[in-house]
Amino acid sequence: QIQLVQSGPELKKPGESVKISCKASGYTFTNYGMYWVKQAPGQGLQYMGWINTETGKPTYADDFKGRFVFFLETSASTAYLQINNLKNEDMATYFCARNNNFDYWGQGVMVTVSS
Amino acid sequence: DIVLTQAPLSVSVTPGESASISCRSSKSLLSSKGITSLYWYLQRPGKSPQLLIYQMSNLASGVPDRFSSSGSETDFTLKISKVETEDVGVYYCGHRLEYPPTFGSGTKLEIK
(Lines give C-alpha, C1' and ligand atoms only; values in the text may rest on other atoms or scores of the structure.)
Protein backbone atom coordinates (compact mmCIF):
# COMPACT_ATOMS: atom_id res chain seq x y z
CA GLN A 1 0.00 0.00 0.00
CA ILE A 2 1.05 3.57 -0.59
CA GLN A 3 2.73 5.16 2.41
CA LEU A 4 4.61 8.33 3.18
CA VAL A 5 6.58 7.92 6.41
CA GLN A 6 8.14 11.02 7.88
CA SER A 7 10.91 11.38 10.42
CA GLY A 8 10.35 12.06 14.08
CA PRO A 9 9.71 15.22 16.08
CA GLU A 10 12.45 17.82 16.34
CA LEU A 11 13.45 20.25 19.06
CA LYS A 12 15.73 23.01 17.86
CA LYS A 13 17.04 26.39 18.94
CA PRO A 14 16.53 29.58 16.96
CA GLY A 15 19.21 29.89 14.28
CA GLU A 16 19.74 26.15 13.95
CA SER A 17 18.77 24.01 10.97
CA VAL A 18 16.46 21.03 10.74
CA LYS A 19 16.12 18.33 8.10
CA ILE A 20 12.85 16.43 7.76
CA SER A 21 12.52 13.30 5.66
CA CYS A 22 9.57 11.77 3.84
CA LYS A 23 10.07 8.19 2.65
CA ALA A 24 7.66 6.93 0.03
CA SER A 25 6.71 3.33 -0.61
CA GLY A 26 4.10 1.41 -2.55
CA TYR A 27 4.47 3.33 -5.80
CA THR A 28 7.06 4.57 -8.27
CA PHE A 29 8.56 7.58 -6.51
CA THR A 30 9.48 9.50 -9.62
CA ASN A 31 6.00 9.32 -11.12
CA TYR A 32 4.47 11.82 -8.69
CA GLY A 33 5.58 15.18 -7.37
CA MET A 34 6.10 15.64 -3.64
CA TYR A 35 4.47 18.56 -1.92
CA TRP A 36 5.06 20.19 1.45
CA VAL A 37 2.43 21.74 3.72
CA LYS A 38 2.89 23.65 6.98
CA GLN A 39 0.43 23.66 9.85
CA ALA A 40 1.18 26.05 12.70
CA PRO A 41 -0.22 25.09 16.12
CA GLY A 42 -4.01 25.31 16.09
CA GLN A 43 -4.00 26.74 12.58
CA GLY A 44 -4.94 25.66 9.09
CA LEU A 45 -2.94 24.33 6.17
CA GLN A 46 -0.37 26.41 4.31
CA TYR A 47 1.15 25.31 1.03
CA MET A 48 4.93 25.53 0.99
CA GLY A 49 5.81 24.27 -2.47
CA TRP A 50 6.78 21.09 -4.24
CA ILE A 51 9.62 19.19 -5.82
CA ASN A 52 9.56 17.46 -9.16
CA THR A 53 10.71 13.96 -8.26
CA GLU A 54 11.74 13.25 -11.83
CA THR A 55 14.03 16.26 -12.31
CA GLY A 56 14.70 17.33 -8.73
CA LYS A 57 13.55 20.84 -9.46
CA PRO A 58 11.99 22.56 -6.43
CA THR A 59 9.36 25.28 -6.54
CA TYR A 60 8.73 27.38 -3.45
CA ALA A 61 5.69 29.39 -2.46
CA ASP A 62 6.52 33.04 -1.84
CA ASP A 63 6.51 32.73 1.96
CA PHE A 64 9.02 29.91 1.78
CA LYS A 65 11.73 31.31 -0.45
CA GLY A 66 15.18 31.68 1.07
CA ARG A 67 15.53 29.51 4.18
CA PHE A 68 13.60 26.47 2.97
CA VAL A 69 15.13 23.78 0.79
CA PHE A 70 13.50 20.78 -0.86
CA PHE A 71 15.70 17.98 -2.13
CA LEU A 72 15.62 14.30 -2.94
CA GLU A 73 17.42 11.05 -2.41
CA THR A 74 15.78 9.29 -5.33
CA SER A 75 17.58 5.99 -4.80
CA ALA A 76 15.89 5.83 -1.38
CA SER A 77 12.50 7.17 -2.57
CA THR A 78 12.89 9.94 -0.03
CA ALA A 79 12.15 13.64 -0.14
CA TYR A 80 13.60 16.10 2.31
CA LEU A 81 12.68 19.49 3.69
CA GLN A 82 15.47 21.48 5.28
CA ILE A 83 14.80 24.69 7.17
CA ASN A 84 17.82 26.88 7.85
CA ASN A 85 18.22 29.64 10.42
CA LEU A 86 15.12 28.54 12.33
CA LYS A 87 12.80 31.22 13.69
CA ASN A 88 10.06 31.02 16.28
CA GLU A 89 7.43 31.25 13.55
CA ASP A 90 8.76 28.03 12.01
CA MET A 91 7.36 26.10 14.94
CA ALA A 92 4.74 23.92 13.25
CA THR A 93 3.91 20.49 11.94
CA TYR A 94 5.23 19.84 8.46
CA PHE A 95 3.52 17.37 6.13
CA CYS A 96 4.64 15.87 2.88
CA ALA A 97 1.90 14.93 0.43
CA ARG A 98 1.93 13.09 -2.85
CA ASN A 99 0.79 14.48 -6.14
CA ASN A 100 -0.99 17.72 -6.87
CA ASN A 101 -4.20 16.19 -5.48
CA PHE A 102 -2.47 15.67 -2.12
CA ASP A 103 -3.88 12.17 -2.33
CA TYR A 104 -1.59 10.66 0.29
CA TRP A 105 -0.04 12.42 3.26
CA GLY A 106 2.77 11.69 5.65
CA GLN A 107 2.01 11.61 9.35
CA GLY A 108 3.61 14.99 9.88
CA VAL A 109 6.69 16.16 11.78
CA MET A 110 6.34 18.55 14.67
CA VAL A 111 9.19 21.05 14.84
CA THR A 112 9.58 22.91 18.11
CA VAL A 113 11.77 26.00 18.17
CA SER A 114 12.77 27.10 21.62
CA SER A 115 15.81 28.68 23.20
CA ASP B 1 -3.98 34.22 -4.62
CA ILE B 2 -7.40 32.59 -4.63
CA VAL B 3 -9.20 32.95 -1.30
CA LEU B 4 -11.44 30.13 -0.13
CA THR B 5 -13.97 31.03 2.56
CA GLN B 6 -15.57 28.24 4.54
CA ALA B 7 -18.74 28.32 6.61
CA PRO B 8 -19.64 27.64 9.28
CA LEU B 9 -16.56 27.70 11.50
CA SER B 10 -17.97 24.74 13.37
CA VAL B 11 -20.95 22.45 13.19
CA SER B 12 -22.39 20.10 15.80
CA VAL B 13 -24.31 17.12 14.49
CA THR B 14 -26.31 14.28 16.03
CA PRO B 15 -25.14 10.87 14.78
CA GLY B 16 -27.29 9.71 11.91
CA GLU B 17 -28.19 13.22 10.79
CA SER B 18 -26.68 15.14 7.88
CA ALA B 19 -24.20 18.00 7.82
CA SER B 20 -23.31 20.50 5.13
CA ILE B 21 -20.20 22.64 4.83
CA SER B 22 -19.85 25.54 2.44
CA CYS B 23 -16.78 26.75 0.57
CA ARG B 24 -16.79 29.92 -1.49
CA SER B 25 -14.00 30.85 -3.89
CA SER B 26 -12.86 34.37 -4.79
CA LYS B 27 -12.45 33.21 -8.38
CA SER B 28 -14.04 30.65 -10.64
CA LEU B 29 -12.40 27.24 -10.15
CA LEU B 30 -13.49 25.97 -13.56
CA SER B 31 -10.39 25.27 -15.62
CA SER B 32 -10.01 25.66 -19.36
CA LYS B 33 -10.22 21.86 -19.55
CA GLY B 34 -13.69 21.89 -18.04
CA ILE B 35 -12.53 20.51 -14.68
CA THR B 36 -13.56 22.21 -11.46
CA SER B 37 -10.46 22.27 -9.32
CA LEU B 38 -12.03 21.99 -5.86
CA TYR B 39 -10.94 19.45 -3.28
CA TRP B 40 -12.11 18.46 0.19
CA TYR B 41 -9.93 17.07 2.98
CA LEU B 42 -10.66 15.78 6.47
CA GLN B 43 -8.17 16.11 9.27
CA ARG B 44 -9.16 13.93 12.19
CA PRO B 45 -7.87 14.96 15.62
CA GLY B 46 -4.12 14.40 15.86
CA LYS B 47 -3.90 12.98 12.35
CA SER B 48 -2.76 14.14 8.95
CA PRO B 49 -5.34 15.35 6.44
CA GLN B 50 -6.87 12.85 4.06
CA LEU B 51 -8.32 13.47 0.62
CA LEU B 52 -12.10 13.03 0.51
CA ILE B 53 -13.19 14.60 -2.78
CA TYR B 54 -11.26 15.65 -5.87
CA GLN B 55 -12.30 17.80 -8.83
CA MET B 56 -15.39 18.95 -6.96
CA SER B 57 -17.45 15.77 -6.99
CA ASN B 58 -15.29 12.67 -7.24
CA LEU B 59 -14.90 10.45 -4.18
CA ALA B 60 -11.33 9.53 -3.32
CA SER B 61 -10.45 5.88 -2.95
CA GLY B 62 -11.85 4.29 0.17
CA VAL B 63 -14.09 7.23 1.10
CA PRO B 64 -17.64 6.15 1.99
CA ASP B 65 -20.44 7.35 -0.25
CA ARG B 66 -21.99 9.17 2.70
CA PHE B 67 -19.74 12.00 1.50
CA SER B 68 -20.75 14.00 -1.52
CA SER B 69 -19.87 17.36 -3.02
CA SER B 70 -21.44 19.67 -5.51
CA GLY B 71 -21.35 23.28 -6.59
CA SER B 72 -20.99 25.90 -9.24
CA GLU B 73 -17.83 27.67 -10.37
CA THR B 74 -17.39 29.55 -7.10
CA ASP B 75 -19.74 28.06 -4.51
CA PHE B 76 -19.39 24.53 -3.22
CA THR B 77 -21.01 22.30 -0.64
CA LEU B 78 -19.74 19.18 1.06
CA LYS B 79 -22.56 17.04 2.38
CA ILE B 80 -22.13 14.28 4.90
CA SER B 81 -25.13 11.99 5.18
CA LYS B 82 -25.79 9.86 8.26
CA VAL B 83 -22.91 11.36 10.25
CA GLU B 84 -20.86 8.90 12.27
CA THR B 85 -18.51 9.50 15.19
CA GLU B 86 -15.52 8.78 12.93
CA ASP B 87 -16.43 11.89 10.87
CA VAL B 88 -15.26 14.18 13.67
CA GLY B 89 -12.46 16.53 12.67
CA VAL B 90 -11.70 19.62 10.63
CA TYR B 91 -12.80 19.78 7.02
CA TYR B 92 -10.80 21.87 4.57
CA CYS B 93 -11.57 22.82 1.03
CA GLY B 94 -8.68 23.50 -1.33
CA HIS B 95 -8.07 24.35 -4.95
CA ARG B 96 -5.49 23.39 -7.54
CA LEU B 97 -6.58 25.73 -10.32
CA GLU B 98 -3.46 27.87 -10.34
CA TYR B 99 -0.29 28.49 -8.43
CA PRO B 100 -0.23 28.65 -5.46
CA PRO B 101 -2.78 26.16 -4.21
CA THR B 102 -4.66 27.49 -1.21
CA PHE B 103 -6.91 26.05 1.46
CA GLY B 104 -9.95 27.30 3.29
CA SER B 105 -9.58 27.97 6.99
CA GLY B 106 -11.46 24.84 7.98
CA THR B 107 -14.77 23.79 9.48
CA LYS B 108 -14.77 21.76 12.67
CA LEU B 109 -17.36 19.00 12.87
CA GLU B 110 -18.34 17.82 16.32
CA ILE B 111 -20.77 15.21 17.50
CA LYS B 112 -23.63 16.22 19.79
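For the structure, check the block above.
Engineer: Would you mind going over the overall build of chain B with me for this structure?
Structural biologist: Scanning chain B from terminus to terminus reveals zero helices and ten strands. Ordered by position from N to C terminus, the α and β elements of chain B give β-β-β-β-β-β-β-β-β-β. Across its three principal directions, the C-alpha atoms of chain B cover 40 × 25 × 25 Å. Going through the 112 residues of chain B one by one, you find that 44% of them count as buried.

Engineer: Looking at this model, I keep getting lost on the state of the cysteines. Mind explaining?
Structural biologist: Linking two cysteines covalently through their sulfur atoms gives a disulfide. If you walk through the whole model with that rule in mind, you get two disulfides over all chains. Across the disulfide, Cys22(A) is cross-linked to Cys96(A) (sulfur-sulfur distance 2.0 Å). One quick way to see it: the torsion about the S-S bond of Cys22(A) and Cys96(A) is about 80 degrees, and its sign makes the bridge right-handed. You can see Cys22(A) sitting in strand β3 (residues 18-25) and its partner Cys96(A) sitting in strand β9 (residues 92-98), a full 74 residues away along the chain. One disulfide in the model links Cys23(B) with Cys93(B); its S-S distance is 2.1 Å. Sign of the S-S torsion, about 75 degrees for the bond between Cys23(B) and Cys93(B), identifies this disulfide as right-handed. One end of the pair, Cys23(B), is in strand β3 (residues 19-25); the other, Cys93(B), is in strand β9 (residues 89-95), and 70 residues separate them in sequence. Summarising the burial analysis for this pair, Cys23(B) and Cys93(B) share the class buried.

Engineer: Sorry if this is basic, but what is going on with unusual backbone geometry here?
Structural biologist: Negative phi characterises most residues that are not glycine, and trans characterises most peptide bonds. Omega for the peptide link from Ala7(B) to Pro8(B) comes to -5 degrees, which places this bond in the cis form. Within the secondary structure layout, Pro8(B) lies in the loop between β1 (4-7) and β2 (10-13). With an omega dihedral of 0 degrees, the bond running from Tyr99(B) to Pro100(B) counts as a cis peptide bond. Summarising the element assignment, Pro100(B) is placed in the loop between β9 and β10 (107-111). For Ser77(A), which is not glycine, the phi dihedral falls at a positive 50 degrees. Tracing the chain through its elements places Ser77(A) in the loop between β7 (68-73) and β8 (78-83).

Engineer: What is the right way to look at the sheet that holds β7(A) in this model?
Structural biologist: What links the strands of a sheet is backbone hydrogen bonding, and the strands pair in either a parallel or an antiparallel sense. Residue and element names in this part refer to chain A. Spatial strand order, β1-β3-β8-β7: four strands in an open sheet with antiparallel pairing. For this open sheet the edge positions go to β1 (3-6) and β7, each flanked by a neighbour on one side alone. Across the sheet, the axes of successive neighbouring strands diverge by a mean angle of 20 degrees, strand direction being ignored. Pairing analysis gives four bridges linking β1 to β3, with the strands arranged antiparallel.

Engineer: Looking at this structure, I do not really get the interface of chain A and chain B. What am I missing?
Structural biologist: How big an interface is tends to be stated in terms of accessible area lost as the parts join. On the side of chain B, 14 residues touch chain A, which itself brings 18 residues to the contact. Among the residues of chain A in contact with chain B, Leu45(A), Tyr47(A) and Asn101(A) are the three that bury the most area, contributing 42% of the side total. Between the two partners, chain A and chain B, sit eight residue pairs in polar contact (both at pLDDT 80 or more). Every element with two or more residues in the side of chain A that touches chain B is listed here: β4 (34-39), β5 (46-51) and β6 (58-60) of chain A. For the side of chain A that touches chain B, the residue count by class is eight nonpolar, nine polar and one charged.

Engineer: Help me understand the packing of aromatic side chains, please; the structure alone is not making it clear to me.
Structural biologist: Centre distance and the angle of the planes are the two values used to describe a pair of aromatic rings. Tallying each qualifying case throughout the model produces 17 aromatic pairs over all chains. Where Tyr60(A) meets Phe70(A), the ring centres are 4.5 Å apart and the plane angle is 35 degrees; that geometry is what we call tilted. In this pair, Tyr60(A) sits in strand β6 while Phe70(A) sits in strand β7, placing the two residues ten residues apart along the sequence. Across the pair, exposure class does not vary: Tyr60(A) and Phe70(A) are buried alike. When the ring of Trp105(A) is compared with that of Tyr41(B), the centres are 5.9 Å apart and the planes differ by 75 degrees; the resulting orientation is edge-to-face. With Trp105(A) in strand β10 (residues 104-105) and Tyr41(B) in strand β4 (residues 38-43), this pair bridges two chains.

Cut-offs and rules
- Residues numbered from 1 in each chain as written.
- Chains lettered and ligands numbered in written order.
- Predicted model: local features only at pLDDT ≥ 70, side-chain atom pairs only at ≥ 80, totals over all residues.
- Heavy atoms only, no water.
- Helix = DSSP H or I, 4+ residues; strand = E, 2+ residues; numbered from the N terminus.
- Buried < 20%, exposed > 50% of the residue type's maximum accessible area, 1.4 Å probe, protein only.
- Disulfide = S-S within 2.5 Å.
- Pairing = 2+ DSSP bridges.
- Axes fitted to C-alpha atoms, helices over the stretch in contact; angles between N-to-C directions.
- Contact = heavy atoms within 4.5 Å.
- Buried area = accessible area lost by both parts, 1.4 Å probe.
- Polar contact = N/O pair within 3.5 Å; in protein donor to acceptor, adjacent residues only side chain to side chain.
- Nonpolar A, V, L, I, M, F, W, Y, C, P; charged D, E, K, R; others polar.
- Phe/Tyr/Trp six-rings, centres within 6.5 Å; stacked < 30°, edge-to-face > 60°.

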